[in-house]
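Here is what each chain is made of, one letter per residue.
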Amino acid sequence: MERPRHQGMAKNTYMRWRLPLVCLLWEVAMIVLFGVFVRFSPEADAHWEEEKREMNLTSDIENDFYFRYPSFQDVHVMIFVGFGFLMTFLKRYGFGAVGFNFLLAAFGIQWALLMQGWFHSFKSGKILIGVENLINADFCVGSVCIAFGAILGKTSPIQLLVMTLFQVTLFAVNEYILLNLLHVKDAGGSMTIHTFGAYFGLTVTRILYRPNLEQSKEKQGSVYHSDLFAMIGTLYLWMYWPSFNSAISDHGDAQHRAAINTYCSLAACVLTTVAFSSMLQKKGKLDMVHIQNATLAGGVAVGTSAEMMLTPYGSLIVGFICGIVSTVGYVYLTPFLESRLHIQDTCGIHNLHAMPGLIGGIVGAITAAAATEDVYGKEGFIKTFDFTGEYQTRTPSVQGGFQAAGIMVSLLIAFAGGAIVGAILKLPIWGDAAAENCFEDDVYWEVPEDEESEVYHMHNPDKPASP
Amino acid sequence: MERPRHQGMAKNTYMRWRLPLVCLLWEVAMIVLFGVFVRFSPEADAHWEEEKREMNLTSDIENDFYFRYPSFQDVHVMIFVGFGFLMTFLKRYGFGAVGFNFLLAAFGIQWALLMQGWFHSFKSGKILIGVENLINADFCVGSVCIAFGAILGKTSPIQLLVMTLFQVTLFAVNEYILLNLLHVKDAGGSMTIHTFGAYFGLTVTRILYRPNLEQSKEKQGSVYHSDLFAMIGTLYLWMYWPSFNSAISDHGDAQHRAAINTYCSLAACVLTTVAFSSMLQKKGKLDMVHIQNATLAGGVAVGTSAEMMLTPYGSLIVGFICGIVSTVGYVYLTPFLESRLHIQDTCGIHNLHAMPGLIGGIVGAITAAAATEDVYGKEGFIKTFDFTGEYQTRTPSVQGGFQAAGIMVSLLIAFAGGAIVGAILKLPIWGDAAAENCFEDDVYWEVPEDEESEVYHMHNPDKPASP
Amino acid sequence: MERPRHQGMAKNTYMRWRLPLVCLLWEVAMIVLFGVFVRFSPEADAHWEEEKREMNLTSDIENDFYFRYPSFQDVHVMIFVGFGFLMTFLKRYGFGAVGFNFLLAAFGIQWALLMQGWFHSFKSGKILIGVENLINADFCVGSVCIAFGAILGKTSPIQLLVMTLFQVTLFAVNEYILLNLLHVKDAGGSMTIHTFGAYFGLTVTRILYRPNLEQSKEKQGSVYHSDLFAMIGTLYLWMYWPSFNSAISDHGDAQHRAAINTYCSLAACVLTTVAFSSMLQKKGKLDMVHIQNATLAGGVAVGTSAEMMLTPYGSLIVGFICGIVSTVGYVYLTPFLESRLHIQDTCGIHNLHAMPGLIGGIVGAITAAAATEDVYGKEGFIKTFDFTGEYQTRTPSVQGGFQAAGIMVSLLIAFAGGAIVGAILKLPIWGDAAAENCFEDDVYWEVPEDEESEVYHMHNPDKPASP
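Counting starts from 1 at the beginning of each chain's written sequence and moves along it residue by residue. Key to labels: chains lettered from A, ligands numbered from 1, both in the order written. Side-chain atom pairs in this predicted model are given and counted only at pLDDT of 80 or more, local residue features only at pLDDT of at least 70, and totals for whole chains, interfaces and linings cover all residues. With hydrogens and water excluded, all non-hydrogen atoms of the structure serve as input to the side-chain values.

Asker: Give a description of the overall build of chain A that names residues and reports values.
Answerer: In terms of helices and strands, chain A carries 18 helices and three strands. To get the radius of gyration, use the C-alpha atoms; to get the globule rule, take the number of residues to the power 0.38 and multiply by 2.2 Å. Scaling as 2.2 N^0.38, a compact globule of 467 residues should have a C-alpha radius of gyration of about 23 Å, and chain A matches this with 23 Å. Over its C-alpha atoms, taken along the principal directions, chain A stretches across nearly 80 × 55 × 40 Å. Taking all 467 residues of chain A together, the buried fraction comes to 69%. The criterion used for residue contact is that any of the two residues' heavy atoms lie within 4.5 Å. Nonlocal contacts in chain A, meaning residues at least 24 apart in sequence, comprise 83% of its contacts between residues at least 6 apart. Accessible surface, chain A as shown: approximately 14,000 Å² in total, 63% of it carbon and sulfur. Asp and Glu are treated as the negative residues and Lys and Arg as the positive ones, with His and the ends of the chain left uncounted. Note that the charge is assigned to NZ on lysines, CZ on arginines, CG on aspartates and CD on glutamates. Across chain A, 29 positive and 42 negative side-chain charges occur, with their mean positions spaced 8 Å apart. Secondary structure follows DSSP: runs of H or I at least 4 residues long count as helices, runs of E at least 2 residues long count as strands, and numbering of each begins at the N terminus. In this scheme, a residue with accessible area under 20% of its type's maximum is buried, one over 50% is exposed, and one in between is partly exposed, where area comes from a 1.4 Å probe on protein chains only. Computed with the Shrake-Rupley method and a 1.4 Å probe, the accessible areas treat only the protein chains shown as cover for residues.

Structure representation (structure tokens):
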């Protein structure tokens, strides 16, 4: 028999009481905390009619809902279908990819509403939530989905929930330091989502290093159909990324500009990915792994600067570079990281999120430092960088410096946090599978008897074909 | 040969003249009725410039199109991709699931535009349609898609069209009684769509009871890939449900609030579904059937109350409960319904739509009865429950009573209508397949020779491998 | 061995240096041209605050972004997921279908932004782009995706890029002649996108005629799963087509009306497609090819007239006819075109885009010719047909004549352009595959060892099953 089914022997992956307990207890905790803290923002509250009068708004269309809801839904699709299906490329881990991503994201958005709410939407003892909070919660969870990519196939659902709990917390802290203390701009999250999420995940997978993982090497590949499922994820991420980077920008030109910059960067990225995918393969054939992943690097890398005056050609240049960096990373860096640094990165998030995230942070710092009142207009300059109140006198070059500091802080918290969380996840109580059972849905899922099993029976022509 | 192909012998499933005749005649009828009755609403008519002046609107953005079109498209995706792919879980009924859902929905939306139009948008002899009518037509068809889930794999396309014709008609009547006569609120359709659709479908499948269905039991399961296709349906339903429940709410805070409540309920529902899926299985493994279905119960169950001040924690509680109820239903109730009550429910709509729909109706009644001017604000209170005109003096507790009455009426019409329609569908003229050919696309579709057939040939190593 | 792998012998399909060179050089050219020419439109520029004051706009919601961005995203999905997955029906060409569509579209939108920009958005030496330009670029690329359908499986990625370069150029010229010189209305592109794109592609495939294509006939079919993947493409095209036809219409009623007309036409089209699919097959079974394609013809055929007062029943009639024409085309015309005219049309774009596109042009001409001030209102009449400035005195019947002329011009440019581009693509330097290797991903892609290969090994029970 080819698929080893003795995982129960090597390690205890029995989830029956542990997983339900965690899910139920944590959900009860969410209900209690929401009951104590969470209420509707004025724009979602039935008192809105009065609010509207006070704010002198003449139309319901001025409700933030209409500015952001379409983008929210696009982001929502990216988190659940985009990340979920992108990870279905493994031949026998489709249920885990889509299903565990679903589970951790559903928990994560609730915890993120609380954590981010305490930091950013806390008024007289209550967290007031509206559509922007939903987007931010999805963003926060996005960083967890990224980290999940590094450990895909090697962890139990409980480990994923534990990681989500801690990572969301650290995300909120890091985000607070960047946005509120350093007054950094990062609307598309190159630093807060991608750099943080990726280096956090890479640190976790380093700590969880499995020396015998080659025992399940055969399952760590794709089959023809699983690669097509993964392309569903890729395309939804690619198409909706302009919404991602513009979702929480200022109303008006900023959202508009962020979408255009992202569209351009992503388009350029596809061409250099294809070029290098073909160039780096002896026979010149294209590799689906690159098309599925490196084409997205352009979206990551304009996350900070998309709402700034990066300009369309600036975006093309960023996308051009990132397609190359990311593809080269898949070919040379991933094997190196695994063999030398013992970083087993299932989805190659180092190439798709870590490096492009860093580039995105740097591009953002440069774009900010290069800003002038001439290019932005006097009002636009102040509005884009929010140079008001105590930041009234901050200059672009100072802002660039703070942006750079934001990268460093994100890295620091990612490494430190990842190390601690990795150590917690290493405890032998979470029910992860043995090395030879990694990348196999059968461990945590009821898997239907399917064609493959019929195929199995045919290997043994003596036995009768069972139903 | 494993798949029986002698359906032609047992029953006449030949569609060549019957199906085209029904499709063409009915479509001609639609054209005639649309020609007589249907025109554009003022907001979609070229006279809008004048209308705008009369209504004192200063901007085109005030057109209802911009308030509702993004939600409409999300709902549209739910009906055609959501329901269609959710039902592809069967190993050999993917074409029928997606294709027949497509067919019945395409017919149903036309008939619904007429039926709902006569009841709600009829002015001086014409039905005036705009984007809200399109959403309502999709909603109405949603209830047919739900009923389709109960009889999936066991009926001919003609039966489905006949059922659609009657069910849309009854839906419109029930909706009219609830919304106009009882003045009930049900923006997300817990009662009108889910309770009505599910109990209608369950009654139909009871009438169509097939005692020998175990002959096709082997085909009534999934394979690995079909479960992934079904997850596409699940996720699109899950992600866009906030749009579903908010699509026809009042402009402004009501749409905003409905989306937030639904988002919260759905998130909680995922965690309790996972918990109980693992808990109720001996080996503690997760069951894809639960993840595909029970995770959606939270959306069903806030359909009535989402636009009210249910509050985020109230939504979490509803989602929490429904994930449990629905999963428990799949494990214990579905087998019971089949063996004892002879209700063969292919997709388990009793667990996903019927019970959560009832809960949704009850939650709506309670939330309405508990409403106070303090919580809603004086204006918000009147606006949310539409306590104007003849309903000016209705109190929350009376409203709660009428909401409860709405549940009863929906149930009554579903049972009575389902019984009559089931009897009609039982006539031996519609070309349904024999019991041993259920859940098999080959009956009504040209099915490509595929890998499976290659596999077949390999069972017979003596024969040469054919093309 | 069943799949021939000796393509390298017959023809040189080695892409290693040619493909990267083309991708990189062209992307560099894009960057240079964008650097010289492309800037943000006022609504996406940071100077928008000042612009807003000048234009007397009181709210950010008046930014064109909020009128068009949701439709843009729907169109974006149609181009990348819709066309991409629609073409995955081939059993062994899923990577090429989705992947090459991705590549050519990513390049095409950049080049289209430039070409269309020079013609339509050129101000004081700069192309100023906003969300409407993004939509138009996607539209332009849509015509290339259509042409790709005719040559699917028979061309190298370089050929596709070359074709994209030329076709986008010709598209922009044709569009300029129609919209600016002839002052023709064509918001949904029946003429500019579908008629032009399809006849261009058909001419190209005629020039590239492969007499020995029956050598890969076996691969030119679908398997069960590939047909389901294709249905993802079909449904997204079908659902979002109302957004396609309304995306660049005038704000307000025109967008609203275009969406309703398209919704109606598509619904009717499904029923006649099903009717004729069953009627034209001996056993009366439905053919997936028809359901996947002909159901969309209704969207194509109201592309010109959707924003006019076509009325809902007029739309039903158009959809009714096109479902029939398209399905009949698949059954009788496609084989005829191949055997007699040597037009090998892989996806049957003649039935889905060419004929419905022509019908769409004609319906548009008639609808325009029949327009009256009574039906449109005085202001609506002028606004809908843009009868201002030098066109102030144009009458509906004259407009109808110009619309008809637009069809002719589109056909002419498609035939002439297709012939020239076909001749260029026939040069033996682009690396296309030999006839026996068509419709096979293995030529240009690293294809994972999958179930099928396992199946292969089982044909040879003597050999050990390899990993």
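Asker: Let's hear about the UniProt feature "domain: Ammonium transporter AmtB-like" (unreviewed entry) in chain A: which residues, and what values?
Answerer: UniProt positions are given in the numbering used here, feature names are shortened, and annotations may be inferred rather than shown by experiment. The UniProt record marks residues 62-429 of chain A with the feature "domain: Ammonium transporter AmtB-like" (unreviewed entry), using the residue numbering of this structure. Annotated as 73% helix and 2% strand, the span residues 62-429 of chain A places its first and last C-alpha atoms 51 Å apart.

Asker: Got a sec to walk through the relation of the copies chain B and chain A? Specific residues and values, please.
Answerer: The pair of chain copies shares a relation made of a rotation about an axis and a shift along it. For the least-squares superposition of copies, only C-alpha atoms count, and only for residues with pLDDT at least 70 in both. Mapping chain B onto chain A leaves a residual RMSD of 0.0 Å; the transformation is a rotation of 120 degrees accompanied by 0.0 Å of translation along its axis. A rotation of that kind, with that shift, is consistent with a three-fold axis. Residue P70(B) of chain B places its C-alpha closer to the rotation axis than any other residue of that unit, at 3.6 Å. Of all interface residues in chain B, a mere 13% are interface residues in chain A too; the two copies therefore contact each other through different surfaces.

Asker: Outline the interface of chain B and chain A, listing residues and values.
Answerer: With 78 residues of chain B at the contact, the number on the chain A side is 82 residues. Counting each side, the surface lost to burial between chain B and chain A is near 7,000 Å², with a carbon and sulfur contribution of 72%. Among the residues of chain B in contact with chain A, Y224(B), Y263(B) and L271(B) are the three that bury the most area, contributing 13% of the side total. Any carboxyl oxygen of Asp or Glu that lies within 4 Å of a side-chain nitrogen of Lys or Arg is treated as forming a salt bridge with it. In this structure, the connection of chain B to chain A is made through three salt bridges. We note a salt bridge from K285(B) to D442(A), for which the minimum N-O separation is 3.9 Å. Think of a polar contact as two N or O atoms within 3.5 Å of one another; within protein, one of them needs to be a possible hydrogen donor and the other a possible acceptor, and neighboring residues in sequence only count if both atoms come from side chains. The tally of links between chain B and chain A comes to 32 residue pairs in polar contact (both at pLDDT 80 or more). Those elements giving two or more residues to the side of chain B that touches chain A turn out to be α4 (64-86), α9 (224-246), α10 (253-279), α11 (288-293), α13 (312-339), α15 (373-376), α16 (378-385) and α18 (451-459) of chain B. As used here, buried area is the combined drop in accessible area, with a 1.4 Å probe, of two parts when they are placed together.

Asker: Requested: an account of the relation of the copies chain A and chain C, with residues and values cited.
Answerer: Superposing chain A onto chain C requires a rotation of 120 degrees together with a translation of 0.0 Å along the rotation axis, leaving an RMSD of 0.0 Å. When the interface residues of chain A are mapped onto chain C, a mere 13% of them are again interface residues, pointing to distinct binding faces.

Asker: Pulling in residues and values, what's your account of the interface of chain A and chain C?
Answerer: Between chain A and chain C, the contact holds 77 residues from the first and 82 residues from the second. Summing both partners gives a buried area of about 7,000 Å² for chain A against chain C, and 72% of it is carried by carbon and sulfur. The interface formed by chain A and chain C contains three salt bridges. In this assembly, chain A and chain C are joined by 32 residue pairs in polar contact (both at pLDDT 80 or more). In terms of residue count, the dominant contributor to the side of chain A that touches chain C is helix α10 (residues 253-279) of chain A (19 residues).

Asker: Outline the sheet that holds strand β3 (residues 126-129) of chain C, listing residues and values.
Answerer: All names here are of chain C. Taken in spatial order, the three strands line up as β1-β3-β2 in an open sheet, and their pairing is mixed. At either margin of the open sheet sits one strand with a lone partner, and together these are β1 (38-40) and β2 (122-123). One bridge is not enough; two strands pair if DSSP finds at least two bridges between them. Both β2 and β3 contribute to a ladder of two bridges, which runs antiparallel. Note that in β3 the partner of F122 across the bridge is I127.

Asker: Describe the pairing of β3(C), listing the residues and the values that go with them.
Answerer: Residues and elements named next belong to chain C. Here β3 shows a buried face lined by I127 and I129 and an unburied face lined by K126 and L128. Bridge analysis of β1 against β3 gives three bridges, and the strand direction is parallel. Its bridge partner being in β3, F40 is matched across the sheet by I129.

Asker: Help me get a handle on the sheet that holds strand β1 (residues 38-40) of chain B, residues and values and all.
Answerer: Residues and elements named next belong to chain B. Spatial strand order, β1-β3-β2: three strands in an open sheet with mixed pairing. Whereas interior strands pair on both sides, the edge strands pair on one side only; in this sheet they are β1 and β2 (122-123). Fitting a line to C-alpha atoms yields each axis, with helices limited to the stretch in contact; the angle taken between N-to-C directions then spans 0 to 180 degrees. Along the sheet, helix α5 (residues 94-120) contacts β1, β2 and β3 (126-129); its crossing angle with β3, the most-contacted strand, is approximately 105 degrees.

Asker: For the pattern of salt bridges, give the residues involved together with the corresponding values.
Answerer: Pairing between side chains becomes possible if they bear opposite charge and their charged atoms approach one another. Tallied over the full model, the rule gives 36 salt bridges over all chains. Residue K52(B) is joined to E49(B) by a salt bridge in which the shortest nitrogen-to-oxygen separation is 3.5 Å. Here E49(B) and K52(B) lie together in helix α3 (residues 48-54), a separation of three residues that amounts to about one turn. E49(B) shares its class with K52(B); the two are buried. For R68(C), the salt bridge identified is with E132(C), shortest N-O distance 3.7 Å. Of the two residues, R68(C) sits in helix α4 (residues 64-86) while E132(C) sits in helix α6 (residues 131-151), which places them 64 residues apart along the sequence. For E132(C), a relative accessible area of 30% gives the class partly exposed.

Asker: Give me the lowdown on the environment of F67(B), citing residues and values where you can.
Answerer: Here F67(B) is to be found in helix α4. Each C-alpha atom, one on F67(B) and one on V325(B), is 35 Å from the other, the two residues being 258 residues apart in sequence. Non-local contacts of F67(B), meaning those with residues more than four positions away in its chain, are made with S59(A), D60(A), I61(A), Y66(A), I61(B), E62(B), H251(B) and Q255(B).

Asker: So what's going on with the nonpolar core? Which residues, and what values?
Answerer: In these notes, a set of buried Ala, Val, Leu, Ile, Met, Phe, Trp, Tyr and Cys residues joined through side-chain atoms within 4.5 Å is what counts as a nonpolar core. Counting 454 residues, the largest nonpolar core has Y236(A), Y236(B) and Y236(C) as the members making the most contacts within it. Among the nonpolar cores identified, the runner-up in size contains 11 residues, and A297(A), A306(A), V318(A) and C322(A) belong to it.

Asker: Before we move on, can you summarise unusual backbone geometry with the specific residues and values?
Answerer: Residues and elements named next belong to chain C. Positive phi, close to 55 degrees, is recorded for H342, a residue that is not glycine. Residue position: H342 is located in the loop between α13 (312-341) and α14 (349-369). Residue classification places H342 among the partly exposed residues on the basis of a relative accessible area of 27%.

Asker: Break down helix α14 (residues 349-369) of chain A for me, with residues and values.
Answerer: Two residues of an α-helix separated by three or four positions point the same way, owing to the 3.6 residues in each turn. All names here are of chain A. Helices are assigned an expected span. That span is 1.5 Å times one less than the residue count. Helix length check: α14, at 21 residues, gives a terminal C-alpha distance of 29 Å against a target of 30 Å (1.5 Å per residue), a fit within 8%. Taken as a whole, α14 carries its principal kink of about 25 degrees at G357. Taking burial as the measure, the 21 residues of α14 include 17 buried ones, the bulk of the element. What the bend at a residue measures is the angle between two axes, fitted to the seven residues ending there and to the seven starting there.

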